[in-house]
Amino acid sequence: MLSVRQIQKIFNQGTINEKSALSSLSLELAAGDFVTVIGSNGAGKSTLLNSVAGDFPVDRGQIFIEGEEITYLPQHKRAAWIGRVFQDPMQGTAASMTIEENLVMALRRGSRRRLRRAITHKEREYFRAELCKLGLGLEGRLTNKVSLLSGGQRQALTLLMATLREPKLLLLDEHTAALDPKTAAKVLDLTCQVAEDQRLTTLMITHNLDQALGMGNRTIMMHEGRIILDLQERERANMTIPGLLEMFEKAGGANMLTDRMILV
Ligand SMILES: Nc1ncnc2c1ncn2[C@@H]1O[C@H](COP(=O)(O)OP(=O)(O)OP(=O)(O)O)[C@@H](O)[C@H]1O
Ligand SMILES: [Mg+2]
């Protein structure tokens, strides 16, 4: 489904700030894989997701979605296939627009008519039904500005927008890290639900090791721009958080405990 082949990304190449973020990294995801991504700060997790989304070109290597090469495709062309939710609740939605205007943008993404056509009754009913599934009472607030929503409500709305058109790939970059634990749990529940309903292929970065082992079907650990551990099936089912920390230390990542890694 997603095939990342030996990609390399060096930021500020040839300058004093040169930083190698991805070193010949390869990753193959099967359709429906839900992969959690862990690793210390600066390991290259976000750079991996951003490379797949096309935020910048990679220096070397190739990226394929369903066998089609997207390495040189601009970000806006990939956007039709990729849903994204970021850590910052302000990033995924347009605050000055209403909930229904945000949703219609997501629904008509890639269509030429976009916002020129008024929102139809049918679309509004569809939005209400989808918002109802979030269980946050947003179905009665279609014409509210998004700036009025809480961080958790915005993340849930962003998740809905990212998956409204059933993307081929869902990229989540610490999308619950800025939320309080209860709201984070709700958004994670919604994430599991939509991933399962649509059988989405998902990459989810998290610093929470409990989430990393408890969600999805596969966990990869990154360190210094490489994947140093890829846990699947029985090996993953038998893995514990202390076991994960031990493997990390063995791989040379002694600073695992000194950064934002959350253990439970
Ligand atoms: N746009 C950029 N310009 C320059 N350097 C960058 C850029 N983006 C990332 N880097 C550097 O590349 C390395 C990998 O960064 P990345 O953001 O991918 O790490 P991460 O694993 O997501 O870390 P975190 O857990 O802190 O989010 C870091 O050293 C970072 O400083
Ligand atoms: Mg990051």
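Residues numbered from 1 in each chain as written. Chains lettered and ligands numbered in written order. Predicted model: local features only at pLDDT ≥ 70, side-chain atom pairs only at ≥ 80, totals over all residues. Heavy atoms only, no water.

Draft legend 1. Region of interest: the layout of surface pockets. For the largest pocket, the calculated volume is near 480 Å³. In terms of lining, the largest pocket is formed by 21 residues, of which the most central are A79, I82, R84, G92 and R109. Among the elements of the structure, α2 (75-78), β6 (82-85), α3 (99-107) and α5 (151-163) are those that each provide at least two residues to the lining of the largest pocket. Residue composition of the lining of the largest pocket, by class: nine nonpolar, eight polar and four charged. (1 Å grid on protein atoms, 1.4 Å probe; cavity = no way out; pocket = protein on both sides within 12 Å on 5 of 7 lines; lining within 4 Å. Points joined across faces, edges and corners; volume = space filled by probe spheres on them. Helix = DSSP H or I, 4+ residues; strand = E, 2+ residues; numbered from the N terminus. Nonpolar A, V, L, I, M, F, W, Y, C, P; charged D, E, K, R; others polar.)

Draft legend 2. Highlighting the pairing of β6. Residues of β6 alternate between two faces, with I82 and R84 on one and G83 and V85 on the opposite face, all of them buried. Alignment of β6 against strand β7 (residues 169-173), held across four bridges, turns out to be parallel. From the neighbouring strand, G83 faces β7, where its bridge partner is L170. (Buried < 20%, exposed > 50% of the residue type's maximum accessible area, 1.4 Å probe, protein only. Pairing = 2+ DSSP bridges.)

Draft legend 3. Broad picture of empty space enclosed by the protein. Applying the stated criterion to the full structure yields one cavity of 30 Å³ or more. If you go around the largest cavity, the residues you meet are L49, N50, R84, V85, F86, L171 and D173. The set of elements that each furnish at least two residues to the lining of the largest cavity consists of α1 (45-53), β6 and β7.

Draft legend 4. How the structure looks around the side chain of T206. One can find T206 in the loop between β8 (201-205) and α7 (209-214). In this structure the side chain of T206 is engaged in a polar contact, spanning 2.9 Å, whose partner is the backbone nitrogen of N208. A polar side-chain atom of T206 sits 2.8 Å from a polar atom in the side chain of Q211. Not counting residues up to four positions away in its chain, the partners in contact with T206 are V37, I38, Q211 and A212. (Polar contact = N/O pair within 3.5 Å; in protein donor to acceptor, adjacent residues only side chain to side chain. Contact = heavy atoms within 4.5 Å.)

Draft legend 5. The arrangement of the side chain of S3 in detail. Relative to the elements of secondary structure, S3 occurs in strand β1 (residues 2-11). A polar contact of 2.9 Å, which involves the side chain of S3, links it to the side chain of R5. A distance of 2.7 Å separates polar atoms of two side chains, one belonging to S3 and the other to E28. Excluding residues that lie within four positions of it along the chain, S3 makes contacts with L27, E28, Q62, I63 and F64.

Draft legend 6. The sheet that holds strand β3 (residues 34-39), seen in detail. With mixed pairing, the six strands of this open sheet are ordered in space as β6-β7-β8-β3-β9-β10. With partners counted over all chains shown, the strands left at the sheet margins are β6 and β10 (226-232), one partner each. Strand-to-strand twist in this sheet, taken as the mean axis angle between neighbours without regard to direction, amounts to 20 degrees. For β7 and β8, the ladder comprises five bridges, and the chain directions are parallel. In the sheet register, L169 faces β8, and the bridge partner there is T201. Strand contacts of α1: β3, β6, β7, β8 and β9 (218-223), with the helix running at about 150 degrees to β7, the strand carrying the most contacts. (Axes fitted to C-alpha atoms, helices over the stretch in contact; angles between N-to-C directions.)

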